[in-house]
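Notes for the structure review
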Amino acid sequence: MTTRGWYKERTLTTVDTVGREVSVTTGLTRDPEGRLVAAIAISDGPTAIYRHAADPDDRTELLANVTETVKELKKLAHVPPR
C-alpha cells in the first residue's frame, strides 16, 4: 500500500510503547529541493529524512543509531549475542 506517494515504499506493523498498533514506513521520496532522499515515518506522523554519514560507504546516521541502541538493549537486558 503506497499511501504517502513514495518510491519503493515499505511498511511494517508493530506496536508503540503502550501497545497500540502503528505502521512504520520507509522509502524514497523528494525533499523540498526536489532531491531523491531516503525517509522514515511512523503511522500518520511526520516524515524524517535519513541523513548520510560523511563517508559514502558508511551507514546512514539513523541506521548507525539503531544498531547502537539494539546493542545497548542486548547488553542491559542480558540478551546473549547472536
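Summary of the structure given here. Please read these numbers as outputs of a predicted model, since none were measured by experiment.

Right, let's talk about the side chain of Asp31 for a bit. Take Asp31: it is sitting in the loop between β2 (21-30) and β3 (36-42). Of note is the side chain of Asp31, whose polar atom sits 2.7 Å from the side chain of Arg35.

Its identity is not glycine, yet Lys8 carries a phi of approximately 55°, on the positive side. One can find Lys8 in strand β1 (residues 7-15). Not every positive phi belongs to a glycine, and Ser43 is a case in point at roughly 50°. Along the chain, Ser43 falls in the loop between β3 and β4 (47-49).

Okay, the pattern of salt bridges next. Following the criterion strictly, the structure yields 4 salt bridges and no others. The salt bridge partner of Asp16 is Arg20, with a shortest N-O separation of 2.8 Å. A relative accessible area of 55% means that Arg20 is categorised as exposed. Ionic pairing is found between Arg35 and Glu33, a salt bridge with its closest N-O pair at 2.9 Å. Accessibility expressed as a relative area gives 49% for Arg35, which makes it partly exposed. Through salt bridges with shared partners, a single network forms among Asp31, Glu33 and Arg35.

The rules behind each value
- Residues numbered from 1 in each chain as written.
- Predicted model: local features only at pLDDT ≥ 70, side-chain atom pairs only at ≥ 80, totals over all residues.
- Heavy atoms only, no water.
- Helix = DSSP H or I, 4+ residues; strand = E, 2+ residues; numbered from the N terminus.
- Polar contact = N/O pair within 3.5 Å; in protein donor to acceptor, adjacent residues only side chain to side chain.
- Salt bridge = Lys/Arg side-chain N within 4 Å of Asp/Glu carboxyl O.
- Buried < 20%, exposed > 50% of the residue type's maximum accessible area, 1.4 Å probe, protein only.

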